[in-house]
Amino acid sequence: ARFDASGLMVEQHEATSKDGTKIPYFIVTKKGHSHDGSNPTLLHAYGGFQLSKLPVYDPIVGKLWLERGGTYLVANIRGGGEFGPAWHEAALKANRQRAYDDYFAVAEDAIRRGLTSPRRLGAYGRSNGGLLMGVAMTQRPDLWNAVVVESPLLDMMRYHLLPAGASWIGEYGDPTVPEEAAWIARYSPFQALKPGVKYPLAYITTSTKDDRVHPGHARKFAARLAELGSPYLYYENTDGGHANGADPTANARRW
């Protein structure tokens, strides 16, 4: 009821990840998509804590993105729960990079199919998905023109010291254990930011009252981008907690 979905279609495709695993993803787009790489496209994923991502009714995405002609992709990367506990466990701790490789594979597949192009492709994730966005920016800056980094974990060498962080050691590993710190250091986005790299434009959002993922992650990442002279947008809501949406109006304004 909030947006006109009559001209939309949903499809499912598969990408092949670095280790050969098939990664499904959903496409929500206008009927008669041109497949010439010109369509503005947003690729969303989460990839952790056995959380499944499905193509759901979303009035904000519908009204502010799909109704205006954008394409929306949802990637079912490992770490999620779409295919049971094994799909989640495949990207735990030392194997975290698999989730990121899956996400990159979906982006590359969408580009190969002509659904979009790096100039027209944006990435979006929040919370653990915000960590995914930090990795996407730092490991594959060539794939996207813009990245929405929402309520993110970004300094993974210190995540266990902030609010609920220690409760996630079973997911990411323990930075106080040298062997596990070595896995984490290979992808931790805050430490991976380097001078001389052209990063996609980041829109970093957090909440002052986020008591799950501390806003310090987002603040430090933005400050580091500023030091590097890399353009970014930053929005910190004073309310809203980890959901970063005090009310529907605030949600729409952030979007």
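Residues numbered from 1 in each chain as written. Predicted model: local features only at pLDDT ≥ 70, side-chain atom pairs only at ≥ 80, totals over all residues. Heavy atoms only, no water.

Details of the nonpolar core
A general feature of soluble globular proteins is that nonpolar side chains tend to end up buried together. This is how it is decided: Side-chain atoms within 4.5 Å link the members of a nonpolar core, which is a set of buried Ala, Val, Leu, Ile, Met, Phe, Trp, Tyr and Cys residues. Whether a residue is buried, partly exposed or exposed follows from its accessible area with a 1.4 Å probe, protein chains only, as a fraction of its type maximum: under 20%, in between, or over 50%, in that order. The numbering of helices and of strands both runs from the N terminus, where a helix is a DSSP run of H or I of at least 4 residues and a strand a run of E of at least 2. Working rule for contacts: check all heavy atoms of both residues, and any pair within 4.5 Å makes them a contact.
By size, the foremost hydrophobic cluster in this structure holds 49 residues, and its most contacted members are L43, Y103 and W144. No other element matches helix α3 (residues 97-112), which puts eight residues into this core. Other than its neighbours up to four places away in sequence, L43 contacts L73, A75, Y103, V106, A107, L121, G122, A123, Y124 and W144. Formed by 11 residues, the second largest nonpolar core is a distinct cluster that contains F3, F26, V61 and V148.

Concerning the pattern of salt bridges
Rule in force here: Here, a salt bridge means any Lys or Arg side-chain nitrogen found within 4 Å of an Asp or Glu carboxyl oxygen.
If you walk through the whole model with that rule in mind, you get 14 salt bridges. Salt-bridge contacts for E171 lead to R96; the nearest nitrogen and oxygen are separated by 2.8 Å. Taken together, the residues E171 in helix α5 (residues 169-172) and R96 in the loop between α2 (85-89) and α3 connect sequence positions 75 residues apart. A salt bridge links D155 to K220; the nearest nitrogen and oxygen atoms lie 2.4 Å apart. Linking D155 in the loop between β6 (146-150) and α5 with K220 in helix α8 (residues 216-228), this pair joins segments that are 65 residues apart in sequence. In this structure D155 comes out as buried when scored by relative accessible area, which is 5%. Through salt bridges with shared partners, a single ionic network connects D19, R78 and D102.

So, to be careful, I would describe these as geometric facts and stop short of saying anything about function.
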